[in-house]
Amino acid sequence: MALEQNSASAERDTVTRRTLLASALAAAALPSAARAEDAPPATASAASGLNSRRIPARDLPVPKTVSRELQAVIGAPYPLGWDDIPQDATAWKDLAFKSAASVANDIAAIGKHFDLQIEKTAMAGVPVFVITPPEIAPANRDRLLLHIHGGGFVLFPGEAGAGEGMMMAGYGKFRVVSIDYRMAPDFPFPAALEDVTAVWRVLLASYEPSRMAIFGTSAGGALTLSTILRAKAEGLPLPAAIAPGSPCADLTWAGDTVEANAYVDNSLVAHTGWVGAAATLYAGTHDLTNPELSPIFGDFTGFPPAILTSGTRDLLLSDTVRVHRKLRQAHVDARLQVFEGESHAQFLTPFVPETTEAFGEIAHFFDANLSS
């Protein structure tokens, strides 16, 4: 089904990355005397009264258990300016502009590689990009995917945010609508969620919900989950499947890997950098445990089947795992794929074998759950 005329009709961070922090030898392999000498004493956690673990400084090698292309990504330096926090709205907008410029070459390369047709239009007044591959798989001709980009609710405006949607169109041979939603600082919560919901309403007028899926990574993963919560609250039909990748599902930053993978992740690095400040900017004065801000606090009963993606070095691996477990506790068909050695959202790195595999799994999941 073609998009109706009345519809008016990633996110890869391409800054280079590297990890200089290290992982320790397994404690069982060390004599107790050596452990006592190498690791400073543990300290008590004020929050829990339990002892935290002091880890000695060490070098963290690039794993040999991934493709050579991914090894180069894992071995890259931390992004320049990851801990430079903009101090005013102008500085945040400048960072957004730079983020778009940083991925411009990749966006062009993805479009060329897959020979995609990209149409900029609007739905319910919200800018969107309709992405069409040269060949739509026969089973996908009446299907549509809705893409929500990442970028900490502040980065990758315009076509810069469409890269993940473009790769899904190319790898999966689906037609994709990618939303250029409003972002902080000018439009904090709930503007992005309102935009996504408005576009979802438009698409429901033209497509059967059983033939649609919603997906996105990082902030886009969080918005994917929040959109389902909002749709449930408003009595809107739900999509047949969702694919929240490494969702920023808890803006209180309570997950284990927020600490355990800090400085191990060479994409976000640590929540004390720009990403934490961006989340605060987006949330504004709202309670961080509001489920539409931090969907981990929401009710997942009745959610559509879901496939979640993360990596072993991802700062938000815990958010992904916690969402997966909560979905399963709600008796939702939920799958979790975790890629070796990858930091936050690195399964979106263009033309890496693991990226092909990740999109293949998601496309297969959609194919199994969407009506033809």
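For the structure itself, look to the data block above.
Residues numbered from 1 in each chain as written. Predicted model: local features only at pLDDT ≥ 70, side-chain atom pairs only at ≥ 80, totals over all residues. Heavy atoms only, no water.

(A) How the structure looks around the pairing of strand β4 (residues 176-179). Covered by surrounding structure in β4 are Val-176 and Ser-178 together with Val-177 and Ile-179, the residues of both alternating faces. Relative to β4, strand β2 (residues 126-132) runs antiparallel, the two sharing four bridges. Each residue of the ladder has a partner; that of Val-128, found in β4, is Ile-179. In the classification by handedness, the crossover that spans strand β3 (residues 144-148), the intervening helix α5 (residues 163-172) and the parallel β4 is right-handed. (Buried < 20%, exposed > 50% of the residue type's maximum accessible area, 1.4 Å probe, protein only. Helix = DSSP H or I, 4+ residues; strand = E, 2+ residues; numbered from the N terminus. Pairing = 2+ DSSP bridges. Right-handed = clockwise from strand over helix to strand, strands pointing away.)

(B) Representation of the side chain of His-344. Mapping His-344 onto the fold places it in the loop between β8 (334-339) and α11 (353-369). Not counting residues up to four positions away in its chain, the partners in contact with His-344 are Ser-218, Ser-246, Asp-265, Ser-267, Leu-268, Asp-314 and Leu-316. (Contact = heavy atoms within 4.5 Å.)

(C) A look at the packing of aromatic side chains. Following the criterion strictly, the structure yields 10 aromatic pairs and no others. Judged by centre distance (6.4 Å) and plane angle (65°), the ring pair of Tyr-78 and Tyr-263 falls under edge-to-face. Placement of Tyr-78 in the loop between α2 (68-74) and α3 (89-102) and of Tyr-263 in the loop between α8 (256-260) and α9 (274-283) is noted, with a sequence separation of 185 residues between them. By relative accessible area, which is 21% here, Tyr-78 ends up partly exposed. For Tyr-263, a relative accessible area of 32% puts it in the partly exposed group. Among the aromatic residues, those joined into a cluster by ring pairs are Tyr-78, Trp-82 and Tyr-263. (Phe/Tyr/Trp six-rings, centres within 6.5 Å; stacked < 30°, edge-to-face > 60°.)

(D) Inspection of the pairing of β3 at higher detail. A large share of β3 lies buried, amounting to five of its five residues. The side-chain alternation of β3 yields two buried faces, one formed by Leu-144, Leu-146 and Ile-148 and the other by Leu-145 and His-147. Alignment of β3 against strand β5 (residues 212-217), held across five bridges, turns out to be parallel. Among the inter-strand pairings, Leu-146 is bridged to a residue of β5, identified as Ile-214. As paired elements, β3 and β4 share four bridges and run parallel to each other. Bridged to Leu-146 within β4 is Val-177.

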